[in-house]
Every structure is written in C-alpha cells, then in structure tokens.
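# Close look at the chain arrangement
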Amino acid sequence: MVRRVRALRMLDGALPMTATRSLFGRRVLTHALAPTPYVWGGKAPGGLDCSGLVTLALHEAGGPDLRQTANTDVLWNTLPPVEEEQLEVGDLALYWGEHSKGPEDVSHVMLWAGAGIVLGQHWGGPGDVDPVVSRLAGKVTGARPLLYRTDFAGFRRLPLTA
C-alpha cells in the first residue's frame, strides 16, 4: 500500500495534467501494482503484455480502444515524438529490443511517470537470460528508472487532451 501511495503522489505532483492523462496514469499504475500475469500479446486484465497494458489503460481512461490494432510498432510509428524537455506524465517511453529489425521496429513500451521513472510491464527479471522462464515468471511491474534497459529508443505522446 505504501508503494501505491508514493507512486500516486509522484503522478499527482509531477506536472499539471488533463483529467484523461491523470486517469490514464492511474489505470496504468493500478494494473502495474496488481498481480497481473504477463501474457505475450495479452490485451485484457487477466493477462497483459507491455502494449496491452498501455492500450487497455488508454481505453479505460476513455480514450480510443486500440487493443486490437496497436502494438509497440504501431505506437512508435503513428504517435508524435516528444523531446525530453517537453515530456509530460503519461507520455510513452519505447525501447528497441534485442531482436529489432530496424528503425521502425521497437519491442517495448512503458509510461513516463516523471523524475526519471517509467511504469508498466516488463516480462522478466534483470538480464532476462531465459525467455521461456522469464515469460513464465513475468508480471506487470511498477516503477523502474528510464534507462533500466540499454536499448531506449525515444518518447511518444498519446492523444490525451480532455
């Protein structure tokens, strides 16, 4: 419970937010702190992958339902880029991934929470040595530093305006 309160304070105090952006961040945080299992391609509360978490939270916050049409590649290639100086809580941080096939092929997404922290889903522990074991052990996780991975690609902004 203490972890949840600290994270909510971080979301509340970082920057002024629209109601939709605030609700989106809270929905990501709710899923991130629940014992939600990692399911590759998962887009429902019973099992989520990283883009499933983002698109489910967006839909729950009253945004468009992109769960059937958006994965990390679509988020990267269709959303507007954001420079670090212009970041707002609720922007997306995307990562290339070890199997990236080029500049349009990102494989992981997290939510920018401010203060160098991202929230979201990560499918294993440090190193992710064995993908099978990591996927079985994976779950939606809470806060991590932005550069917890070395393959950071950049930031994108969801249409959270209301």
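Reference entry: report on the structure contained in this document.

Looking now at the pattern of salt bridges. It is possible for side chains bearing opposite charge to pair when their charged atoms get close. This model, assessed by the stated rule, comprises eight salt bridges. Taking the shortest distance from any N to any O, the salt bridge between E88 and R21 comes out at 3.3 Å. Of this pair, E88 sits in the loop between β3 (81–82) and β4 (92–95) while R21 is found in helix α2 (residues 19–33), placing the two residues 67 residues apart along the sequence. Judged by relative accessible area, R21 falls into the buried class, the value being 3%. The shortest N-O distance in the salt bridge between E60 and R27 comes to 2.8 Å. Taken together, the residues E60 in helix α3 (residues 50–60) and R27 in helix α2 connect sequence positions 33 residues apart. Residue classification places E60 among the partly exposed positions, given a relative accessible area of 30%. Among the charged side chains, a salt-bridge network with shared partners connects R21, E88, D91 and R157.

Reading the values: the criteria
- Residues numbered from 1 in each chain as written.
- Predicted model: local features only at pLDDT ≥ 70, side-chain atom pairs only at ≥ 80, totals over all residues.
- Heavy atoms only, no water.
- Salt bridge = Lys/Arg side-chain N within 4 Å of Asp/Glu carboxyl O.
- Helix = DSSP H or I, 4+ residues; strand = E, 2+ residues; numbered from the N terminus.
- Buried < 20%, exposed > 50% of the residue type's maximum accessible area, 1.4 Å probe, protein only.

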